[in-house]
Amino acid sequence: MDAHVAQLQMQYRNYILSLYQQGFLDDQFTELKSLQDDGSPDFVAEVLSLFFDDCVKLVGNMARALDQTGTVDFSQVGANVHQLKGSSSSVGAKRVKGLCINFKELCEAKNYEGCVRCLQQVDIEYKTLKAKLQDMFNLEKQIVQAGGIVPQVDIN
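Scoring rules and cut-offs
Chains are numbered independently. Their residues run from 1 in the order of the written sequence. It should be noted that, the model being predicted, local features are given only for residues of pLDDT at least 70 and side-chain atom pairs only at 80 or more, the latter also being counted only at that level, while totals for whole chains, interfaces and linings use all residues. For side-chain calculations, the full set of non-hydrogen atoms in the structure is used, while hydrogens and water are omitted. UniProt positions are given in the numbering used here, feature names are shortened, and annotations may be inferred rather than shown by experiment. Each helix is a run of H or I in the DSSP string that is no shorter than four residues. Each strand is a run of E no shorter than two, and both are numbered from the N terminus. For this document, the term salt bridge refers to a Lys or Arg side-chain nitrogen within 4 Å of an Asp or Glu carboxyl oxygen. Any residue under 20% of the maximum accessible area for its type is buried, any over 50% is exposed, and the rest in between are partly exposed; the area is computed with a 1.4 Å probe on protein chains only.

K.L.:
Describe the UniProt feature "modified residue: Phosphohistidine" (unreviewed entry) in the protein, naming the residues involved and giving the relevant values.
P.N.:
Feature annotation in UniProt assigns "modified residue: Phosphohistidine" (unreviewed entry) to the following positions: His82. Summarising the element assignment, His82 is placed in helix 4 (residues 74-91).

K.L.:
Would you mind going over the environment of Asn138 in detail, with residue names and values included?
P.N.:
Mapped onto the elements, Asn138 comes out in helix 6 (residues 112-145). Each C-alpha atom, one on Asn138 and one on Tyr12, is 9.8 Å from the other, the two residues being 126 residues apart in sequence.

K.L.:
For the pattern of salt bridges, give the residues involved together with the corresponding values.
P.N.:
Considering all chains together, one arrives at four salt bridges under this definition. Note that Lys33 is salt-bridged to Glu140, the shortest N-O span being 2.6 Å. Taken together, the residues Lys33 in helix 2 (residues 27-34) and Glu140 in helix 6 connect sequence positions 107 residues apart. Judged by its relative accessible area of 11%, Glu140 is buried. Across the pair Lys127 and Asp123 runs a salt bridge, and its minimum N-O distance is 3.1 Å. On the criterion of helical spacing, the pair formed by Lys127 and Asp123 is a turn pair, its members being four residues apart in helix 6. Owing to a relative accessible area of 45%, Lys127 belongs among the partly exposed residues under this scheme. Of the residues examined, Asp123 reaches a relative accessible area of 22% and is grouped as partly exposed.

So, in structure tokens, the structure goes:
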């Protein structure tokens, strides 16, 4: 095997492991990756694209709802948080899911300041995850372009 491909594969393994170790991803992401095959080589990218589109929509909805000074509909914010929690759970976005759990509690307590802070954290976190996963896809592309195979990474 070409040394360049082997180096890229090692870089990929280390990068994936770091995403798990830093709490960005959980086992559900591993499950999602296992569903991708030669018949659907872009499956994970397509699912994640839908997830990030959902993030944009839901974060926007929550921001608008929280912008209603004095008349915040915490049940509406909570419904959006619940939907985002489900989406993040299904793709293995561990940090986003964790923030949503806290966010939901803040909505139930009608804690406006806490909700605003949590919304800001969710916004930062999903954008950070998106950038990190884009880096992962770029590494995968480099491996394939160099004639290699993207390795399966055992996270356990």
